[in-house]
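Observations on the model geometry
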Amino acid sequence: MRRRPATDFHTAGQADPAPAGPHATALRIRPYRPGDRAAVRRICFETGYMGSPPPYWPHEASFADVFAGYYTDREPESLFVAELRGRVVGYLTGCVDSRHATPVARAMLRAALRHGLPLRRGTAGFLARALADFLRTPDAARDPFRNPRWPSHLHINLLPEARGLGGGRALMEAWLARLRELGSPGCHLGTLFENHRAIGFFERMGFRRLGPPRPVPGLRAPDGSRHHEQILVRDLREAPQAPGEEGGGDP
Ligand SMILES: CC(C)(COP(=O)(O)OP(=O)(O)OC[C@H]1O[C@@H](n2cnc3c(N)ncnc32)[C@H](O)[C@@H]1OP(=O)(O)O)[C@@H](O)C(=O)NCCC(=O)NCCS
């Protein structure tokens, strides 16, 4: 049976939490509150490598500074959380205008200095490899993606127990509704090309791949092979689709 679309029961401005569909009776989507900060940072770390903790970066505070800090501290109004039985189990961190976001490379440099990452056993190897890759891989994903057609961006992560319950769709629909209200023409995201499940989810949500995957400095799969970043985009100017058809397929 087809799942009821999240937009039936939730809008971005809604004050009360709302259940995320019949497959997720206990899962609720709501706007971020300051008291969620620790949970969001924890989930950012726990899911940081294709849904698992990042083995190459075993230091939660610095990882969360780099990948969650901008969203919790500078654009919290673009953050939505998923709650399961009263506990925050997932989030969507958004940015309406990506020109305002801190580029990852700059955030990494700050975190490296602040937390002494080059001197920590767990992170030193990754940083050295990232620097070497950065210098010798000309087609590496060096600069953040910037294109006025898709100025907004997002990250989305759910803990394992909250996946497959409709929460990803509900978070995404809350975010896309907010972007439409604000008049954003489009949204992009970057994910690992090797994260096939996530790419399948994003394509189901109406995103399409843009450009070739580019190697990510420093990142390696368990077998030693390189990881790549894939950019996906979603146009928001097209007429809204009929209920139940969200994400059916952009051109
Ligand atoms: C990726 C993620 C956010 C998806 O959220 P989710 O709650 O598991 O997904 P949902 O249950 O809401 O699924 C939404 C829709 O996508 C579809 N879908 C999910 N994964 C899919 C896949 N791999 N291929 C095709 N469709 C997929 C579902 O069937 C569902 O379709 P429907 O609503 O039309 O019936 C979540 O699984 C997650 O956090 N994974 C680990 C972290 C991660 O990889 N994050 C992305 C990194 S950028």
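Predicted, not measured: the structure shown is a model, and the values here were computed from it.

Moving on, we get to the packing of helix H1 (residues 37-46) against helix H2 (residues 60-67). With their axes 9 Å apart at the nearest point, H1 and H2 run at an angle of 100° to one another. The orientation of H1 with respect to H2, classified from their angle, is roughly perpendicular. Here Arg 41, Cys 44 and Phe 45 of H1 lie close against H2, whose contacting residues are Glu 60, Phe 63, Ala 64 and Phe 67. The class makeup of the residues in the contact of H1 with H2 is 5 nonpolar, no polar and 2 charged.

Let us look at helix H6 (residues 167-182). Here H6 spans 23 Å end to end across 16 residues, near enough to the 22 Å set by a 1.5 Å rise per residue. Most of H6 is tucked away, with 12 of its 16 residues classed as buried. Looking only at H6, the buried set comprises Gly 167, Gly 168, Arg 169, Ala 170, Leu 171, Met 172, Glu 173, Ala 174, Trp 175, Leu 176, Arg 178 and Leu 179. Residues of H6 that are buried make contact with strand E2 (27-31), strand E3 (79-84), strand E4 (87-95), strand E5 (152-158), strand E6 (186-192) and helix H7 (196-204). Just beyond H6, the residue with positive phi is Gly 183, at close to 80°.

The rules behind these values
Positions within a chain are numbered from 1, following the residues in the order the chain's sequence is written. Residues qualify for local features only when their pLDDT is at least 70, as the model is predicted, and side-chain atom pairs are given and counted only at 80 or more; totals for whole chains, interfaces and linings, by contrast, use all residues. To obtain each axis, a line is fitted to C-alpha atoms, and for helices this fit is confined to the stretch in contact; angles are then taken between N-to-C directions over 0 to 180 degrees. Strands here are runs of E lasting at least two residues and helices are runs of H or I lasting at least four, both read from the DSSP assignment and numbered beginning at the N terminus. Should an angle fall under 35 degrees it is taken as roughly parallel, and over 145 as roughly antiparallel, whereas 65 to 115 is taken as roughly perpendicular and any remaining angle as oblique. Here contacts are defined at the residue level, using C-beta atoms placed from the backbone and a cut-off of 7 Å between them. Ten residue types, Ala, Val, Leu, Ile, Met, Phe, Trp, Tyr, Cys and Pro, are classed as nonpolar, four, Asp, Glu, Lys and Arg, as charged, and the remainder, Gly among them, as polar. One fewer than the residue count of a helix, multiplied by 1.5 Å, yields its expected span. Comment: burial labels come from other C-beta atoms within 10 Å of the residue's own C-beta, placed from the backbone, where a count of 20 or more is buried, 12 or fewer is exposed, and between is partly exposed.

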